[in-house]
Amino acid sequence: RPYAASSYHDSFSGPIGRRYDWNTGPDRGYVVTNRDYFRGPRPCRDFTQVVYRNGRVFTRNGTACRRRGGEWEFM
């Protein structure tokens, strides 16, 4: 999980469309932010996460918005 968390953080802070990979041996994946926008005063980013685990592929789309303290919150 720390590898994936680092990829999320890098993706939410980095350029839109850049792929951030993580790998922990048999499990691996990546995160890509698709767009950024504001919900009221909060900056938000839509993202796609792809995880490869036990020979299967899991894809998830989501949104994260930045809190006042600077942390990202999944919506």
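The model shown is predicted, which means the values in this text are computed figures rather than measured ones.

K.L.:
If you had to explain the sheet that holds strand 5 (residues 72-74) to someone new, which residues and values would you point to?
P.N.:
Strand order in the open sheet formed by 5 strands is 1-2-3-4-5, with antiparallel pairing between adjacent strands. At either margin of the open sheet sits one strand with a lone partner, and together these are strand 1 (19-23) and strand 5. Taking the axes of each pair of neighbouring strands and ignoring which way they run, one obtains an average angle of 30° across the sheet. Relative to strand 4 (residues 56-66), strand 3 (residues 42-53) runs antiparallel, the two being bridged by 10 bridges. By the bridge assignment, D46 is partnered in strand 4 with T63.

K.L.:
So, the pairing of strand 2 (residues 28-39): which residues are in play, and what are the values?
P.N.:
Relative to strand 2, strand 1 is paired through 5 bridges, and the arrangement is antiparallel. Its bridge partner being in strand 2, Y20 is matched across the sheet by V31. Between strand 1 and strand 2, which pair antiparallel one after the other, the connecting turn spans 4 residues, and G25 there sits at a positive phi close to 90°. In terms of strand pairing, strand 2 meets strand 3 through 11 bridges, oriented antiparallel. The residue of strand 3 that forms the bridge with Y30 is V50. Connecting the antiparallel pair strand 2 and strand 3 is a turn made up of 2 residues, with G40 showing a positive phi of about 65°.

The rules behind the values
Residues numbered from 1 in each chain as written. Predicted model: local features only at pLDDT ≥ 70, side-chain atom pairs only at ≥ 80, totals over all residues. Heavy atoms only, no water. Pairing = 2+ DSSP bridges. Helix = DSSP H or I, 4+ residues; strand = E, 2+ residues; numbered from the N terminus. Axes fitted to C-alpha atoms, helices over the stretch in contact; angles between N-to-C directions.

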